[in-house]
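Fold and contact review
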Amino acid sequence: MSSRSARAERDGFLARTAYDENPPRVEYAPTALGRTLIDPLDAARAWARAHVPEITEAGTAYAQGG
């Protein structure tokens, strides 16, 4: 499990189900708390898509030292 998944599980955003199978299988699903993040994350994604040119320009300027 990645440390990011472990943190999300620890913080109550993901539920982990491990199956006693061969090969081993694990599934993750958002909890009720995790599902409350869907709309805010969708809004952040939409904002980022709408601002790709500015974000790209800022990254280029930063990489060039200014």
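So, here is what we can say about the structure in this document. Residue numbers run consecutively from 1 along every chain, following the written order of its sequence. With pLDDT at 70 or above as the cut-off, local features in this predicted model cover only qualifying residues; side-chain atom pairs require 80 or more to be listed or tallied, and sums for whole chains, interfaces and linings still use all residues. The side-chain numbers reported here are obtained from all heavy atoms of the structure, hydrogens and water having been left aside.

This part takes up the environment of Tyr19. Looking at the element boundaries, Tyr19 is found in strand β1 (residues 14-19). Any N or O atom pair separated by 3.5 Å or less is treated as a polar contact, with the protein-specific requirement of one donor-capable and one acceptor-capable atom, and with residues adjacent in sequence counted only for side-chain atom pairs. Polar side-chain contacts of Tyr19 include one of 3.2 Å to the side chain of Glu27. In this description a helix means any DSSP run of H or I spanning at least four residues, a strand means any run of E spanning at least two, and both kinds are numbered starting from the N terminus.

This next bit is on the pattern of salt bridges. Salt bridge, as used here: a side-chain nitrogen of Lys or Arg that lies within 4 Å of a carboxyl oxygen of Asp or Glu. Within the structure shown, the criterion is met by 4 salt bridges. Residue Glu27 is joined to Arg25 by a salt bridge in which the shortest nitrogen-to-oxygen separation is 2.5 Å. Note on exposure labels: buried denotes an accessible area under 20% of the residue type's maximum, exposed denotes more than 50%, and partly exposed covers the range between, all computed with a 1.4 Å probe on protein chains only. You can call Arg25 partly exposed: its relative accessible area is 32%. In this structure, a network of salt bridges that share partners links the residues Glu21, Arg25 and Glu27.

Note that β1 and strand β2 (residues 25-30) share 6 bridges and pair antiparallel. Across the sheet, residue Ala15 finds its bridge partner in β2, namely Ala29. For two strands to pair, DSSP has to find at least two bridges joining them. The hairpin turn running from β1 into β2, its antiparallel successor, is 5 residues long.

Note on aromatic contacts: the rings of Phe and Tyr and the six-membered ring of Trp form a pair at centre separations within 6.5 Å, being stacked when their planes are under 30 degrees apart, edge-to-face when over 60 apart, and tilted otherwise. Taken as a whole and assessed by the stated rule, the structure comprises 0 aromatic pairs. Two thresholds decide whether a charge sits over a ring: the Lys NZ or Arg CZ must be within 6 Å of the ring centre and within 35 degrees of the ring normal. A cation sits over an aromatic face here: Arg25 above Tyr19, 3.8 Å from the ring centre.

Between Asn22 and the following residue, Pro23, the backbone shows a cis peptide bond with an omega angle of 5 degrees. Structurally, Pro23 is set in the loop between β1 and β2.

By themselves these figures say nothing about function.
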